[in-house]
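So the chains spell out like this:
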Amino acid sequence: MENKFKILIVVGLGLFVGLVVWVVSTTPNEPPPTEKFEPPAKMTYETNNIVEEKNGVKLFELNSGKMVVDAATQNAEFENIQGRFYQADGSFIELTAKHGTYDHQSGDVHVEGEVTVTDSEGAKLISGQLDWLGKEEILVATDNVRISKDDMRAFGDRAEARNGLHHFYLKGNARVLKGVKD
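Along each chain, numbering runs from 1 in the same order as the chain's sequence is written. Given that the model is predicted, a residue must reach a pLDDT of at least 70 before its local features are reported, and side-chain atom pairs must reach 80 or more before they are shown or counted; all residues, however, enter totals for whole chains, interfaces and linings. For the side-chain quantities, the full set of heavy atoms in the structure was used; hydrogens and water were omitted.

## Things to note about the overall build of the chain
A tally of regular secondary structure across the chain gives one helix and 10 strands. The linear arrangement of helices and strands in the chain, starting from the amino end, is α-β-β-β-β-β-β-β-β-β-β. On C-alpha atoms alone, the chain measures out to a radius of gyration of 35 Å, which is more than a quarter above the 16 Å that the 2.2 N^0.38 rule sets for 182 residues. Principal-axis analysis of the C-alpha atoms gives the chain an extent of 130 × 30 × 25 Å. To sort residues, take the accessible area from a 1.4 Å probe on protein chains only and compare it with the maximum for the residue type: under 20% means buried, over 50% means exposed, and anything in between is partly exposed. Residues counted as buried form 29% of the 182 residues belonging to the chain. We call two residues in contact when some of their heavy atoms are within 4.5 Å. Within the chain, contacts between residues at least 6 apart in sequence are counted, and of these 30% link residues at least 24 apart. Only the protein chains shown count as covering a residue, and every accessible area follows the Shrake-Rupley method with a 1.4 Å probe. Surface accessibility of the chain: about 12300 Å² in total, with carbon and sulfur atoms responsible for 55%. One way to put it: in the chain the 20 positive side-chain charges average out to a point 1 Å from where the 28 negative ones average out. To qualify as a helix, a DSSP run of H or I must reach at least 4 residues; to qualify as a strand, a run of E must reach at least 2; elements of each kind are numbered from the N terminus. Radius of gyration: over C-alpha atoms. The globule rule applied is 2.2 Å multiplied by the number of residues raised to the 0.38 power. Charge counting follows a simple rule: Lys and Arg are positive, Asp and Glu are negative, and His as well as the terminal groups are ignored. By convention, the charge on Lys lies at NZ, on Arg at CZ, on Asp at CG and on Glu at CD.

Below, the structure written as structure tokens:
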């Protein structure tokens, strides 16, 4: 009986060792640590637009060939811009420029490079740079400003307009010509 007891102990030990080997070999490896995903600081979009509204009324919309947005501040840079600024009286101003920036916090827009602005009544402004000051709702053109409408031509270093191009103020080397035909 002693042999049977020894055989049972050896078989039991063999089963125990087999069980330990099976558990160790089938235990899954620890998964690799997951990497923390950081969104890109700046996102680039091709052919995009931005719209600014105040109290449910659209103030402006800008379309661009390329837009780069800072994810943290929501500020944007634009290339090949076409935009439209809406006036309270229902008229609008159309804008084209090579490059521009938009400040999300202030609502200001700065554009430069072959800036051309036309209003819905035929007035035209050409300058090197133009700023839309969002809080004041004013357009400020600088860098060789030229304004034309009907038979009037105006030139200056700086022009400011509050109500489309109906009323503008010229500063620096300002001159206005009336009765001019192209």
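Now, onward.
## Some words on the layout of surface pockets
Put simply, the grid is 1 Å and covers the protein atoms alone, a cavity is a trapped set of points that fit a 1.4 Å probe, a pocket is an open set with protein on both sides within 12 Å along at least five of seven lines, and lining residues have an atom within 4 Å of a point. Grid points are joined across faces, edges and corners, and a volume is the space filled by probe spheres set on the points. Its volume calculated, the largest pocket comes out at about 220 Å³. In terms of lining, the largest pocket is formed by 11 residues, of which the most central are L59, Y86, Q87, A88 and E137. No other element matches the three residues that strand β2 (residues 57–70) contributes to the lining of the largest pocket. Throughout this entry, Asp, Glu, Lys and Arg are counted as charged residues, while Ala, Val, Leu, Ile, Met, Phe, Trp, Tyr, Cys and Pro are counted as nonpolar. The remaining residues, Gly among them, count as polar. Class assignment for the residues of the lining of the largest pocket results in five nonpolar, two polar and four charged.

## Focus: a nonpolar patch on the surface
Patch rule: a residue counts if its relative accessible area is over 30% and it has no salt bridge; like charges are joined within 9 Å, and nonpolar side chains (Val, Leu, Ile, Met, Phe, Trp, Tyr) within 5 Å. Salt-bridge detection follows one rule: a side-chain nitrogen of Lys or Arg within 4 Å of a carboxyl oxygen of Asp or Glu. Judged by side-chain polarity, F16, V17, V20, V21 and V24 come together as a nonpolar surface patch covering roughly 470 Å² of accessible area. Counting through the fold element by element, V17 comes out in helix α1 (residues 2–26).

## Observations concerning the packing of aromatic side chains
Note on aromatic contacts: the rings of Phe and Tyr and the six-membered ring of Trp form a pair at centre separations within 6.5 Å, being stacked when their planes are under 30 degrees apart, edge-to-face when over 60 apart, and tilted otherwise. Summed over the entire model, instances satisfying the criterion amount to zero aromatic pairs. Over a ring means this: the NZ of a Lys or the CZ of an Arg is within 6 Å of the ring centre and within 35 degrees of the ring normal. When the ring centre of F92 is taken as reference, the NZ or CZ atom of R84 above it lies at 3.9 Å. Across the ring face of F155, the terminal group of R175 is positioned such that the distance to the ring centre comes to 4.5 Å.

## Examining α1
Expected helix span is taken as 1.5 Å per residue step, with the number of steps being one fewer than the number of residues. A rise of 1.5 Å per residue sets the reference length of α1, with its 25 residues, at 36 Å; its end C-alpha atoms lie 36 Å apart and thus fit the reference within 8%. A small share of α1 lies buried, amounting to zero of its 25 residues.

## So, the nonpolar core
In this description, a nonpolar core means a group of buried Ala, Val, Leu, Ile, Met, Phe, Trp, Tyr and Cys residues linked to one another through side-chain atoms lying within 4.5 Å. By size, the foremost hydrophobic cluster in this structure holds 28 residues, and its most contacted members are F60, L62, F78, L95, V111 and L130. For this core, the elements supplying multiple residues, two or more each, are β2, β3 (76–86), β4 (92–103), β5 (108–119), β6 (124–133), β7 (138–149) and β8 (152–161). Considering every element that reaches this core, the biggest residue donor is β2, with five residues. Those residues in contact with L62, other than ones at most four positions away along the chain, are N48, N49, I50, F78, I81, Q82, G83, L95 and V109.

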